[in-house]
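Report on the structure
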Amino acid sequence: MTYSVDDLKYLMARLRDPDTGCPWDTRQTFRTIVPHTLEEAHEVADAIDREDYPHLEDELGDLLFQVIFYSQMGQEQNHFDFDSVVDNLVRKLVRRHPHVFPEGTLNSRIDPGNRPGEDWIKASWERIKAEERALKPEAVADDSRLSGIARTLPAMVRAEKLQRRAANHGFDWPDIEPVFEKLHEEIDELKEAWYDARSGRGEVEAIEDELGDLLFVCVNLARFMKINPEQALNSTNHKFEARFRAIEQHLEKEGRNFDDETLEALDVVWQAVKGVEKKADKKGKKGIKNNG
């Protein structure tokens, strides 16, 4: 026997039953479930990053459960239910993909020999999303071109979305060169704020402000280079962690205590670890080239 989404919906209703359900599940609200949703989303991303596909199946189930949970609470409060969530999603995606569903219906198909170009698709996507934002109730109170970008997004992700939205309306650097110049300018301003605060001439809050400006420019730079800044930083996090662990392992093999080492001694091992990485990288590239 294989369970279905309908079985999952039934299970959720049973868990939320006020008389015979689970006490923990019945206590939950939309707000209390949010931290769990974020955690499950991160665990999905972690499984993908590690290419742990058997574990990914389990994590995707946990993430789906979050949607079922919200949908059950929405049904209880007469806001929406799972079926309406699915219906709204399908309608939205059909509407946003006229290059796949030309007649605005799920069964309509594009002529393979008459597919629109990427520029048309991008312009169409942004136009449709702008039309959707204008129709939302909050649009009356907030008609900004930046409305609808969630404030709860990670700061770096939100910075990129804000910049892209502004750029779509012509508010952008002409090319990457001024961004490099702005980067150096923000570094100088951060240094000035730092030294002013240390000498008592400036406020500590100015350091945070200038550091924020610097990070914002870094996101801009990544956008011009067509690099995802979140992924770039995550890659560096992984690299740092791998090197740090390699130092620990190296010292342990030599019978040395990490915490007893000087910074200079640790840096020697750090450089050695980097050297091993470079050799392995060159060897890998050589192998790819020979196999190619």
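1. Let's talk about the side chain of R16
If you trace the backbone, R16 turns up in the loop between α1 (5–15) and α2 (23–27). Its relative accessible area of 10% is what places R16 among the buried residues. Within the local environment of R16, its side chain forms a polar contact with the side chain of E76, the two groups lying 2.6 Å apart. In this structure, R16 is in contact with D25, T26, Q28, F69, Q72, M73 and E76, ignoring residues within four places of it in sequence.

2. Focus: helix α9 (residues 204–224)
Look at α9: 31 Å from first C-alpha to last across 21 residues, which is about the 30 Å you get at 1.5 Å a residue. Among all positions of α9, only I207, E210, L214, V217, V219, N220, L221, A222 and R223 are buried. Looking one or two residues past α9, K226 carries a phi angle of roughly 60°, positive in sign.

3. Points about a negative patch on the surface
Taken together, E203, E205, E208 and D209 make up a surface patch of like negative charges. Looking at the secondary structure, you find D209 in helix α9.

4. Points about the packing of aromatic side chains
Counted according to the given criterion, the structure contains 6 aromatic pairs. With centroids separated by 6.3 Å and ring planes inclined at 50°, the aromatic side chains of F30 and F80 adopt a geometry described as tilted. Highlighted residues: F30 in helix α3 (residues 30–49) and F80 in the loop between α4 (53–76) and α5 (82–96), separated in sequence by 50 residues. Residue F30 is classed as partly exposed on the basis of its relative accessible area of 25%. An angle of 45° between the planes, with centres 5.0 Å apart, marks the rings of F244 and F258 as tilted. Taken together, the residues F244 in helix α10 (residues 229–253) and F258 in the loop between α10 and α11 (263–291) connect sequence positions 14 residues apart. With a relative accessible area of 29%, F244 lands in the partly exposed category. Cluster of aromatic residues (ring-pair linked, three or more members): F240, F244, F258 and W270. Between the NZ or CZ atom of R96 and the centre of the ring of W125, over which it lies, the distance is 5.5 Å.

5. Considerations on the nonpolar core
The biggest cluster of nonpolar side chains holds 9 residues, and these are V179, L183, L190, A193, A197, I207, L214, V217 and L221. Those elements that provide at least two residues to this core are α8 (177–199) and α9. Considering each element in turn, this core owes the most residues, 5 residues, to α8. In this structure I207 touches L190, A193, W194 and A197, once residues within four positions along its chain are discounted. The next biggest cluster of nonpolar side chains, apart from the first, holds 7 residues, and it includes M12, I68, F69 and F82.

6. Thoughts on unusual backbone geometry
With phi around 55°, E51 is a residue other than glycine that occupies positive phi space. Here E51 lies in the loop between α3 and α4. For K226, which is not glycine, the phi dihedral falls at a positive 60°. Here K226 shows up in the loop between α9 and α10. On the basis of relative accessibility, which here comes to 75%, the residue K226 falls in the exposed class.

7. Considerations on the packing of α5 against helix α6 (residues 118–135)
Viewed as axis vectors pointing N to C, α5 and α6 meet at an angle of 135°, and their least axial separation amounts to 9 Å. By the angle between their directions, the pair α5 and α6 is classed as oblique. Across from K92, R95 and R96 in α5, the residues of α6 making contact are W125, I128, K129 and E132. Considering only residue class, the contact of α5 with α6 consists of 2 nonpolar, no polar and 5 charged.

Rules and cut-offs
- Residues numbered from 1 in each chain as written.
- Predicted model: local features only at pLDDT ≥ 70, side-chain atom pairs only at ≥ 80, totals over all residues.
- Heavy atoms only, no water.
- Helix = DSSP H or I, 4+ residues; strand = E, 2+ residues; numbered from the N terminus.
- Buried < 20%, exposed > 50% of the residue type's maximum accessible area, 1.4 Å probe, protein only.
- Polar contact = N/O pair within 3.5 Å; in protein donor to acceptor, adjacent residues only side chain to side chain.
- Contact = heavy atoms within 4.5 Å.
- Expected span 1.5 Å × (residues − 1).
- Patch = residues over 30% accessible without salt bridge, like charges linked within 9 Å, V, L, I, M, F, W, Y side chains within 5 Å.
- Areas by Shrake-Rupley, 256 points an atom, 1.4 Å probe, with all protein chains shown as cover.
- Salt bridge = Lys/Arg side-chain N within 4 Å of Asp/Glu carboxyl O.
- Lys, Arg positive; Asp, Glu negative; His and termini not counted.
- Charge placed at Lys NZ, Arg CZ, Asp CG, Glu CD.
- Phe/Tyr/Trp six-rings, centres within 6.5 Å; stacked < 30°, edge-to-face > 60°.
- Lys NZ or Arg CZ within 6 Å of the ring centre and 35° of its normal.
- Core = buried A, V, L, I, M, F, W, Y, C linked by side-chain atoms within 4.5 Å.
- Axes fitted to C-alpha atoms, helices over the stretch in contact; angles between N-to-C directions.
- Parallel < 35°, antiparallel > 145°, perpendicular 65-115°, else oblique.
- Nonpolar A, V, L, I, M, F, W, Y, C, P; charged D, E, K, R; others polar.

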